[in-house]
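# Structure at a glance
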Amino acid sequence: PLVAGRPLVLGGVKITYPAGLEGDSDADVLTHAVIEALLGAASLGDMGSVFGVGTKDVMGISSTALLKRAMELLKRNGYKVINIDSTIVAEEPKLADKIISMRQTLGPILEVQPQDVSIKATTAKKLGEIGKGKAIAAYAVVLIDEDK
């Protein structure tokens, strides 16, 4: 959910908007979706089991710092990222002009080129909490391979 008084961060990029996402960390829902996809693809658990929920280690942390930790875990387990496909679902703000910055932010952390990080934005067509502008969601799938 969106809450007043928090910065909005998506894909590691601060977005000018009067509300941000609720959460223990900076609540960057796009980066969280990417982390969950990475951990899931490698059968390494999920963010809660790997990083904890409500712990001092995650309170207020940048989601890109968590992504770096997830990448370290992925690499220790012998995997590398090939590409990412993701979608942000938000009625507002409009994000088209921020997508290149998000790709340029996430690519180096994922150790891939920005063109290997697909980020799309769509709306919920006024349906549900997202459509009412009260929340933002994101989905991601990743292709990983053994790092030989």
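The following refers to the structure shown. (Residues numbered from 1 in each chain as written. Predicted model: local features only at pLDDT ≥ 70, side-chain atom pairs only at ≥ 80, totals over all residues. Heavy atoms only, no water.)

Its 12 residues place the ends of helix H4 (residues 99–110) 16 Å apart at the C-alpha level, agreeing with the 16 Å of an ideal helix rising 1.5 Å per residue. For H4, the set of buried residues is Ile99, Met102, Leu106, Gly107, Ile109 and Leu110. Angular distribution of buried residues about the axis of H4 spans 165 degrees; they occupy a single face of the element. Exposed residues on H4 whose side chains face more than 90 degrees from its buried face are Ile100 and Pro108. The elements touched by buried residues of H4 are strand S2 (8–10), strand S3 (13–15), helix H1 (29–41), helix H3 (63–76), strand S5 (79–89) and strand S6 (117–122). Residue Glu111 follows H4 closely and has a positive phi angle near 60 degrees. (Helix = DSSP H or I, 4+ residues; strand = E, 2+ residues; numbered from the N terminus. Expected span 1.5 Å × (residues − 1). Buried < 20%, exposed > 50% of the residue type's maximum accessible area, 1.4 Å probe, protein only. Arc of directions from axis to C-beta. Contact = heavy atoms within 4.5 Å.)

Moving on, we come to the layout of surface pockets. In this model, the largest pocket occupies a volume close to 250 Å³. For the largest pocket, the lining is made up of 17 residues, of which Gly23, Asp24, Ser25, His32 and Met47 are closest to its centre. Counting only elements with at least two residues in the lining of the largest pocket, the list comes to H1 and helix H2 (47–51). Broken down by element, the residue count for the lining of the largest pocket peaks at three residues, all from H2. Taken together, the residues of the lining of the largest pocket break down into 10 nonpolar, five polar and two charged. (1 Å grid on protein atoms, 1.4 Å probe; cavity = no way out; pocket = protein on both sides within 12 Å on 5 of 7 lines; lining within 4 Å. Points joined across faces, edges and corners; volume = space filled by probe spheres on them. Nonpolar A, V, L, I, M, F, W, Y, C, P; charged D, E, K, R; others polar.)

This brings us to the environment of Gly40. Relative to the helices and strands, Gly40 resides in helix H1. Residues Gly40 and Pro114, spaced 74 residues apart in sequence, show a C-alpha to C-alpha distance of 22 Å.

In this section: the packing of H1 against H3. Two numbers describe how H1 lies on H3: the axes approach to 9 Å, and their chain directions differ by 10 degrees. Here H1 is positioned roughly parallel relative to H3, judged by the angle of their axes. When H1 is examined against H3, the residues Thr31, His32, Val34, Ile35, Leu38 and Leu39 are found in contact with a partner set consisting of Ser63, Thr64, Leu66, Leu67, Ala70, Met71, Leu73 and Leu74. The residue makeup of the contact of H1 with H3, split by class, is 10 nonpolar, four polar and no charged. (Axes fitted to C-alpha atoms, helices over the stretch in contact; angles between N-to-C directions. Parallel < 35°, antiparallel > 145°, perpendicular 65-115°, else oblique.)

In total, this model carries four salt bridges according to the counting rule given. The residue Lys75 makes a salt bridge to Glu111 at a minimum N-O spacing of 2.6 Å. Placement of the pair is Lys75 in helix H3 and Glu111 in the loop between H4 and S6, with a sequence separation of 36 residues. The closest approach of N and O atoms between Lys132 and Glu129, which form a salt bridge, is 3.8 Å. Lys132 sits in the exposed class, given a relative accessible area of 55%. By relative accessible area, which is 43% here, Glu129 ends up partly exposed. (Salt bridge = Lys/Arg side-chain N within 4 Å of Asp/Glu carboxyl O.)

As a further point, take the sheet that holds S6. Across the sheet, which stays open at both edges, the three strands sit in the order S6-S5-S7 with mixed pairing between neighbours. The two strands at the open ends of the sheet, each matched to only one other strand, are S6 and strand S7 (137–146). Going from strand to strand, the sheet's axes swing by 10 degrees on average, the running direction of each strand aside. Here S5 pairs with S7 via 10 bridges, running antiparallel. The residue bridging Tyr79 from the neighbouring strand is Glu146, located in S7. Along the sheet face, H4 touches S5 and S6 and points at about 145 degrees away from the line of S6. (Pairing = 2+ DSSP bridges.)

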